[in-house]
Amino acid sequence: MFAKSQPKTEAKTVSQHAEQPSSPVGQMETASGILLSAQEMMQLQKSFGNRAVQRMIQGSIPKNKVPDVKEQQPSGQSAMPSESEMQEEVGEKELEEVEVQAMFLDDILAMQPTDSKRSREEMERDIRLAQSTVDKVIAKCDNLDEVSAYFPLLQLRFGLKQIGFKDLGTPNAQVAMEINPKGACLFTNNNEFELNKGDSHGMPDKQDVKFKTGKSTTGHTWAKEMIASQLGPNHPQGFGPADQRNLMRHLPTNRKKHPGLENRYIRGHLLNDSLGGPGYEQNLFPITERANKDHEHFVESQVKSWVNESGHFVYYHVEVKNISEKIDKTLTDDSSNYVDADLHCEAYVLSVNGGRSKLSKYVNCVIKSKHGVVQAPQDLGVATIAGADNPDASHKKFVDNKWVELSVTKNKGAKGYDPVIEEVADGIMEFYNEVKKMIDKQQTIISTLAQLVGKDLKKVTPINLGFVLKAIILDSQGDSKGIAELRGSNFASVGAWNHITNELSKKKEDIADMLDALTHVIDEYHKLSAAEIEWLGQHEYTCYTKLVFTRMLDHYSDVDKRILNMKEAMYTLGWQAARIDNKNKLISDFFDAGYKDYLDGFARAESGADCNKDQLGYETGHQDYLDGLAAAQAAIAPASNYQAYLAAYDEYNDGLVKARQGHDPANPNKARVAAHDEYTNGRKDADGDQMKQHNTAAYLAGYEDYEAGLTDNQAGSDAQQTHYAYKWAFDEYEEGRLGISQRGEAAPARDGRAYEAGFSDYESGWVDAENGMNGPPAGHKAYQLGFNNYESGLGDAEASIVKRNTASAYTAAYDDYCEGFEDAQSDNGQNGNTAAYTNGYNEYYDGMNDASNQLGYQNGNRAYMEGYLEFEEGASDAEMRDEAGSDTVAYMEGYNSVDFSTKKVKTQ
């Protein structure tokens, strides 16, 4: 959570006049009543000349009158009006601003100082004139020291309360002025900015440090390059990171959450703060803590040794290359976000003539910053480098005299206010930014933090931190004056303030934990939708407005618990809505999650997959589906209106219907497939004449439908149902009956129970007919058909009708009758015991007997007629004494039966 950060140090707005040491003697009073020391007088005389200083002090120039400057006008430029001409135009009135602005700088400064008693309008005019004059000063001077030399004279000339530099080393560097109204003059920077030159202390060499910036894909500004052509012990004071909090909150920074130096990021200085590097975004780039450690060990420690310990001037260059980034702005402190880059570093000591010195050490390496990867620096340097003379050691006096300005973040005795420890400051600012999303008024946030958070912080440190919190927030927003006033009015001295920051440092871990807990609550609350917040306000809580959140901070642990309870309740409402298929009517992530979990569990049960999650909605949806399936299997009407329950019930019944219709399941729903399979299994068991294996509704339906179809077909009924098993049984029975009827005595082609039943029934029918049994003993269709077929064959044989079908029973009866008839003709006796055989035999003899008894025809059976006619033919031939024309028994009987004595046929 706590990325390394640092509030900006207080900008310098102190008057140069106020900074100069005063002398108890040799003071001189100016016309405006301001005392100048002898040292100040000497500086003024050196800068502007004795004449200008004397005129300023003695007031020799009339108040607000233009000096005679005609002789100073350059050629080609119109001369200024004479004093008499001016007086004629304006009389006793003050000069117009435009006229003063057109004057030369020296002449403006040589004018009599402004009276300290001024109206508001006059003060606003003077601050505008001061601004235009400072612009002339900046244009004339080559460095900041030359500009600052003008400050005492400018302050006296325009009656300024203070004048000084502000925000040096930043793109907002300026000269700030104040009477009562304020004014400022910005320095130009052309998309780059330059570090201020530092304090000279009489040194001829100045700083020459420039920075170049770039932007991330998300629009955050960061440093791309730092070029210190000349960096020495007179560098300005640097400070820790103050910018890029918004960028760093998306990158992994929490030490507990992301262990390992290569797994978390800090804001790395291109120019170290102990070398004057500012903590602004123009000098900061996000690197891993491991890369920061390598940068310090292999590069920065050597440069600091050269500059801060040995007093050398150095060349120092750091450039960021090979940047690769992935920053999802919706994620906070997330390890999936990263910024990878290489820091190309080069440094060496400068010789007196500005070239490379002949030193054994030369830094030239690449620092690798890659998320999650440990990469050693790549050394590109050489042991020695050809250069000019050895460095000038005279600069060591800066070290000896303690003139080197070390960073205040290192706590090495630098003057000024110590900043609050980075983890605390950064945590407070992150907390502040989160609260700001809910509360618009800055003063409300600061007051809340000072009262509530300060109260909690007081539990871990004895200091009341209300003003500390305000100072951090105001400082981060650049309100330096407000910070100075806040610190000065409440802590009286630098020492008191620094004592507080030291106490914070000792308790930083406890404070960080407390801020982490607070920020967690805010994060959770911020995730709630407007509908959820409103719902929360309607259910025993009072959190329906943003401002109420400030009161929640007092007991943040209870708030966290309430939010978690609310999430659970919303989740439950979601899956309850899914249970009744109520659709999602509440815009809530937690409602949606419950709704989706229920449907996911339902869908998983539908697909036949087991439930392997422990979420309430998921398990409930899964179980409801299985309960519906179980109820449908047991043929129990649904006792619930749960969507998953009813769906499973309907799917099961639909699967049963499809199976009864002989269709395969149209989708892979578990209930549908189960019913289809169960129905089919029931039909198969019934087909195999097996007992019921279980009592599921679909199984029983399959069993019973099959049995019903078999029974109906046996009874000769037509199929009146469309049940798959019913028709299956009916058709199988028909196939079995047709199998023997059409193919003779062929064995059944399948082993279906109905098929074999049809085969057996048919065969039983014609067997009974063959045995001369009267009528079928059963009403089975196949039995009846077999009996009738046999009788039809017998009838056709009796009538001497050629058989007209190939049914086995028909053919058998026909053949049996013919065989019996033939045996009777040959008097072979009965070779078979079938009814048709016996009938054919008996009928033949009956005809022959009737003929021998001279009886007329008694029936028209073929065998009867044949026996009668043959007997008669034999008797006729005997009477005629013809040879026997046939060898049939009847013929021979007729022939032998003639009594020639009486010429009568013998009676049998």
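Note that Ser741 resides in helix α27 (residues 724-743). Among the residues examined, Ser741 registers a relative accessible area of 9% and is labelled buried. Setting aside anything within four residues of it in sequence, one finds Ser741 in contact with Tyr762, Asn789, Thr806, Ala807 and Ser808.

Further remarks concern the pairing of strand β13 (residues 363-369). Walk down a regular strand and you will see the side chains alternate between the two sheet faces. Most of β13 sits inside the fold, with 6 of its 7 residues counted as buried. Bridging between strand β12 (residues 338-349) and β13 involves 7 bridges; their strand directions are antiparallel. When the bridges of β13 are listed, Glu346 appears paired with Asn364.

This part is about the pairing of strand β7 (residues 208-215). Where β7 meets strand β8 (residues 221-231), 8 bridges bridge the pair, whose relative direction is antiparallel. Its bridge partner lying in β8, Lys212 is registered against Glu225. What sits between β7 and β8 in their antiparallel hairpin is a turn of 5 residues, with Gly219 showing a positive phi close to 90 degrees.

Per the counting criterion, the structure on display carries 8 aromatic pairs. Ring centres of Trp222 and Phe285 lie 4.7 Å apart, and the angle between their planes is 55 degrees; this geometry places the pair in the tilted category. Of this pair, Trp222 sits in strand β8 while Phe285 is found in strand β10 (residues 284-288), placing the two residues 63 residues apart along the sequence. For the pair Trp222 and Phe285, a shared accessibility class is recorded, and that class is buried. Members of the aromatic cluster, joined through ring pairs, are Phe821, Tyr841, Tyr844 and Tyr845.

Contact pair helix α30 (residues 808-826) / helix α32 (residues 862-880): the axes reach a minimum separation of 10 Å and the direction vectors enclose 15 degrees. What the angle tells us is that α30 and α32 run roughly parallel. The hand of the α30/α32 crossing is right-handed. Of the residues in α32, those touching α30 at Tyr817, Cys818, Phe821 and Gln825 are Arg862, Ala863, Glu866 and Glu870. Among the residues making up the contact of α30 with α32, the classes are represented as 4 nonpolar, 1 polar and 3 charged.

Scoring rules and cut-offs
Residues numbered from 1 in each chain as written. Predicted model: local features only at pLDDT ≥ 70, side-chain atom pairs only at ≥ 80, totals over all residues. Heavy atoms only, no water. Helix = DSSP H or I, 4+ residues; strand = E, 2+ residues; numbered from the N terminus. Buried < 20%, exposed > 50% of the residue type's maximum accessible area, 1.4 Å probe, protein only. Contact = heavy atoms within 4.5 Å. Pairing = 2+ DSSP bridges. Phe/Tyr/Trp six-rings, centres within 6.5 Å; stacked < 30°, edge-to-face > 60°. Axes fitted to C-alpha atoms, helices over the stretch in contact; angles between N-to-C directions. Parallel < 35°, antiparallel > 145°, perpendicular 65-115°, else oblique. Left-handed = near helix turned anticlockwise from the far one by under 90°. Nonpolar A, V, L, I, M, F, W, Y, C, P; charged D, E, K, R; others polar.

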